Amino acid sequence: MIITYSRLTDPQANQQVEQVNADFVGIRQMLQTGLQDTAALSDNQAHAQNLTALRRRACPRTMVAPELAAQLKTIAFGFKKNKDPAGVYPLRAMEATGANNSKFMIGLETENSDVVFGAQSLDLMGFIEITELRTYYCTTRKSEGKVQDRYGTRLVAFLVIGRNQQNEDSYVYLASGSGAFSSTALAVPAVGQDPTQMITAVERAISTFNAPRNNDYYMFWEINDAGLQLSAADGKGNRVVNIRYSSFVGKTRSYLDNFSLISVVDIKTMISGMFENLEGLSFQIPFKKNPSGLPMTCTFGHGESRKNGTIDIFQKTKSKQYSIPQVGIGDLFTIGSPFSYTKQTMESHQNELAVTTEKTDSVQLTVPAECYVANSFPATPLADTTTVIQFSYFTGDYGLRLTSEKANSDPVSEINVLRKISYIELAVGDNTGNAVITVAGLGNIGNDGVYPGGAGLGQFQEIRLPFRIAKQTGTLFALKQVAGGSSCQYTFSYSEQNEAITYNQDNTNEMNCTCDYVSGNGFATASNYTISIPISTPAFLSSMEGEQAQIDKALTETIIGFV
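Here is what the cut-offs are and how they apply
Residues numbered from 1 in each chain as written. Predicted model: local features only at pLDDT ≥ 70, side-chain atom pairs only at ≥ 80, totals over all residues. Heavy atoms only, no water. Helix = DSSP H or I, 4+ residues; strand = E, 2+ residues; numbered from the N terminus. Contact = heavy atoms within 4.5 Å. Areas by Shrake-Rupley, 256 points an atom, 1.4 Å probe, with all protein chains shown as cover. Pairing = 2+ DSSP bridges. Axes fitted to C-alpha atoms, helices over the stretch in contact; angles between N-to-C directions. Phe/Tyr/Trp six-rings, centres within 6.5 Å; stacked < 30°, edge-to-face > 60°. Buried < 20%, exposed > 50% of the residue type's maximum accessible area, 1.4 Å probe, protein only. Lys NZ or Arg CZ within 6 Å of the ring centre and 35° of its normal. Parallel < 35°, antiparallel > 145°, perpendicular 65-115°, else oblique. Nonpolar A, V, L, I, M, F, W, Y, C, P; charged D, E, K, R; others polar. Salt bridge = Lys/Arg side-chain N within 4 Å of Asp/Glu carboxyl O. Polar contact = N/O pair within 3.5 Å; in protein donor to acceptor, adjacent residues only side chain to side chain. Expected span 1.5 Å × (residues − 1).

1. A look at the overall build of the chain
So, point 1. Helices and strands together make up the secondary structure of the chain, namely six helices and 36 strands.
So, point 2. Counted over contacts in the chain with a minimum sequence separation of 6, partners at least 24 positions apart contribute 67%.
So, point 3. Accessible surface, the chain: about 30,000 Å² in total, of which carbon and sulfur atoms supply 47%.

2. Describing the sheet that holds strand 33 (residues 500-509)
So, point 1. Ordered in space as 28-31-32-33, the four strands form an open sheet in which the pairing is antiparallel. In this open sheet, the two strands that pair with only one neighbour each are strand 28 (436-440) and strand 33. Taken over all neighbouring pairs, the strand axes of this sheet differ in orientation by 20 degrees on average, direction set aside.
So, point 2. Pairing between strand 31 (residues 474-483) and strand 32 (residues 486-495): nine bridges, direction antiparallel.

3. Some thoughts on the packing of aromatic side chains
So, point 1. One pass over the structure, following the stated rule, counts 20 aromatic pairs.
So, point 2. Centre to centre, the rings of Phe158 and Phe259 are 5.4 Å apart; their planes meet at 70 degrees, and the pair counts as edge-to-face. With Phe158 in strand 10 (residues 154-164) and Phe259 in strand 16 (residues 254-266), this pair connects stretches of sequence that are 101 residues apart.
So, point 3. Residue classification places Phe158 among the buried positions, given a relative accessible area of 1%.
So, point 4. Residue class for Phe259 comes out buried when judged on its relative accessible area of 2%.
So, point 5. Over the face of the ring belonging to Tyr151 we find Arg154, whose NZ or CZ atom lies 3.9 Å from the ring centre.
So, point 6. Over the aromatic face of Phe460 sits the side chain of Lys480, whose NZ or CZ is 4.5 Å from the ring centroid.

4. Considering the packing of helix 1 (residues 22-40) against helix 6 (residues 548-560)
So, point 1. Following both chains from N to C, one finds helix 1 and helix 6 inclined at 10 degrees, their axes separated by 10 Å at the closest point. Considering the angle they form, helix 1 stands roughly parallel to helix 6. For the pair helix 1 and helix 6, contact is made by Asp23, Ile27, Met30 and Leu31 and by Lys553, Thr556, Glu557 and Ile560, respectively.
So, point 2. Split by residue class, the contact of helix 1 with helix 6 holds four nonpolar, one polar and three charged.

5. A short note on the pattern of salt bridges
So, point 1. If you walk through the whole model with that rule in mind, you get 17 salt bridges.
So, point 2. Between Arg55 and Glu222 there is a salt bridge, with the nearest N and O atoms lying 3.8 Å from each other. One end of the pair, Arg55, is in the loop between strand 2 (45-52) and strand 3 (61-62); the other, Glu222, is in strand 13 (residues 217-224), and 167 residues separate them in sequence.
So, point 3. The partner of Lys471 in a salt bridge is Glu276, with the nearest N and O atoms 3.1 Å apart. Here the residue Lys471 occupies a position in the loop between strand 30 (467-470) and strand 31, and Glu276 occupies one in the loop between helix 5 (267-275) and strand 17 (280-284), the gap between them amounting to 195 residues.
So, point 4. When its relative accessible area of 15% is taken as the criterion, Lys471 is described as buried.
So, point 5. Glu276 gets classed as buried once you look at its relative accessible area, which sits at 15%.

6. Re the side chain of Ser413
So, point 1. With respect to the helices and strands, the residue Ser413 is situated in strand 26 (residues 411-419).
So, point 2. Relative accessible area serves as the criterion here: at 4%, Ser413 is assigned to the buried category.
So, point 3. Engagement of the side chain of Ser413 in a polar contact is seen with the side chain of Gln481, the distance being 2.6 Å.

7. A word on helix 1
So, point 1. Its 19 residues give helix 1 an end-to-end C-alpha distance of 27 Å, which sits within 8% of 27 Å, the value for a rise of 1.5 Å per residue.
So, point 2. Buried residues of helix 1: Phe24, Val25, Ile27, Arg28, Leu31, Gln32, Gly34, Leu35 and Ala39, and no others.
So, point 3. Close packing links the buried residues of helix 1 with strand 1 (2-6), helix 5, strand 17, strand 24 (385-394), strand 35 (525-535) and helix 6.

8. Focus: the environment of Ser6
So, point 1. In this structure, Ser6 sits in strand 1.
So, point 2. Look at Ser6 and you get partly exposed, because its relative accessible area is 34%.
So, point 3. A C-alpha to C-alpha distance of 8.8 Å links Ser6 and Asp23, two positions 17 residues apart in sequence.
So, point 4. When sequence neighbours within four positions are dropped, the list of residues in contact with Ser6 reads Asn21, Phe24, Glu279 and Gly280.

Given below as structure tokens:
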């Protein structure tokens, strides 16, 4: 069965007053609370991914303990200040910067003075996805011996390829500022869009490095194209929260010989985003009312039979024959045998012993008359089922439209107060009457360009339009417009529980104004998210009393209880 809830009882009929469905509000809150409580069991983190420099090498250590992991914004790479025996400048340290400029360092177990951090760092907030990580490394030509044990595998440079926040191709090249593998020596910018030129330049430098046959060292590269999803500008999505790594000590200094970026999704933030501006919930429930209308007792059995038998057969046969041979004289005559006797005795013994073992077991399931059973009941009564919940949203902008005209019907303006993600936006669609628009109650604008709202409504001032104001329950701002000798004043409020913008007409003077709820795409909705709830029971009880809407609500609340 499918049970659907909409925030608005009839969006097309709203006009000046929103009719919010109270059942939708309650179901939405119950589902959100259940999902958040479940997410809290895993510290609100899930969908862990990793992007490793060298995939065949383990990374046994972590930068911070998992319970202390937090979002990282940038990673700086520290390379050896002076060239090593191979003539390169390998990676010795990494420094990650998190929220509030917190810093975490890995590497530098020895001789921390011999490190220079590259001019270019990896800005994780600048990428929405890393599609490829190229790691350029140096090692010895011989696979064993003291030199190999001491030199190990040293990471020389990295090329990070992906898409930036504008969804454009982007790359970052990370290497020491010295030597043949610096971006200066390669004559290619360290940051850009098309990485082809950088890839060609690095591979050419590697060929030059590997050319001398008497060189004890060689360089190569590994490509990890598994990819890593990162957060969009709104902060939703995967976040790098930790770094796994491995290190070793050469002759006198320590080096990082591998690392892996660990990312997770902040489920709490994701869940909050799923319920923002939510307009519909659809529950696809694979259960039905007990079709018999009577208590049902079903027995499901399993049996097996095994027979062990023994057969013993004994048979003995005796045969005797006596005869007088025939007598003859040449070709004259022959006298046949005058006597012959044959005796045959047979003795047979057969014994059969059979033992039969039978084993049966059964399960008895009793369901009451008023209950819900799985759609497959009773054919496969013990099979798990899954309820699917779809989340729907308006496909176009939604909010209020304030249309004003003078008493003589001359148009004045059209002002839209629209509901967006995390804020309310006011924009002027038309100002034919050259109205002077002033606003009160916005407060001081934040660094994100959003006003807090809810401040005093006494002082009106001109504000640059459009403007954004944070969502919060209560009064947001007051608006006044004056065109010639006519004017009007409105106060706008918001309800987080109902996801509704409301208004109040404070006064008008020679101006006719109407405020209507509008949708940019005719109140059409689309499903952007679905979640699945596994239910490992063939039947459950739920209230079946009252009107159908009450029965459906009770069933829905029972299903949410499985979250």
